[in-house]
Amino acid sequence: MYVRSRMTVNPFTIAPDTMIADTLELMREKNINRVPVVKDGKLVGIVTERKVMEVSPSSATSLSVFEVNYLLSKTKVEQVMTKKVVTVSPDDLLEVAALKLRDNNIGGLPVVENGRVVGIITESNIFDAFIEIMGFREQGSRISILIQEDRPGVLAEMAKTIAACNINITHLAIYHDEIVLRVDTREPEQLIQSLQEKGFQIASVTVSE
């Protein structure tokens, strides 16, 4: 799965000379919390709602509301934006985007192609992809199988057992010592029995309606 398949295309952008007040208004109106900053078609920074709030006067300030609004209307985004922006390409794997988000402790990445911003991918996009990969919103059964021995052919043997029950595997994930799979039946009793007869240890079974 690639970034281009999960990113938000044509994201809202602002110019470096946009005032903070206007940026906040855009964020609230469009329900977004980060905006790439673009100049002459090129990415020059990114501003987040958190960053804007950090430079905004707190509720304990002695300034009046008019003075606060005046300050925000006279402060440009280029004064508070992050200039060293971590980005990804639309052709990067989704895992690459997830690692960059995690390693840099950020919530979103501009997607840049040929020097231009073509999208943005956020942690919410990654979460949605994870839910889709695991098929958690779909009907069927989720079965967790513990891997008791590391040997070639375990996965093939498991798949053959499932196929013999005339059941399809719709989603599959392998952790260190656990196989988590989703199958297209809400009556997995026969399958569970067959897997156990083959020596597979079932850790849990969850049926989705």
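So, here's what we can say about the structure. Values in this document were obtained by computation on a predicted structure and should not be read as measured data.

Conventions adopted
- Residues numbered from 1 in each chain as written.
- Predicted model: local features only at pLDDT ≥ 70, side-chain atom pairs only at ≥ 80, totals over all residues.
- Heavy atoms only, no water.
- Helix = DSSP H or I, 4+ residues; strand = E, 2+ residues; numbered from the N terminus.
- Buried < 20%, exposed > 50% of the residue type's maximum accessible area, 1.4 Å probe, protein only.
- Contact = heavy atoms within 4.5 Å.

This brings us to unusual backbone geometry. Positive phi is not limited to glycine here, since Asn 31 has a value of about 55°. Along the chain, Asn 31 turns up in the loop between α1 (20-30) and β2 (34-39). Classification of Asn 31 by relative accessible area gives exposed; the value is 72%. With a phi angle near 55°, Asn 114 is a residue other than glycine that sits in the positive phi range.

The next subject is the environment of Ala 129. Along the chain, Ala 129 turns up in helix α5 (residues 123-134). The class for Ala 129 is buried, based on a relative accessible area of 1%. In this structure, the C-alpha to C-alpha distance between Ala 129 and Ser 5, residues 124 residues apart in sequence, is 9.6 Å. In this structure Ala 129 touches Met 1, Arg 6 and Leu 94, once residues within four positions along its chain are discounted.

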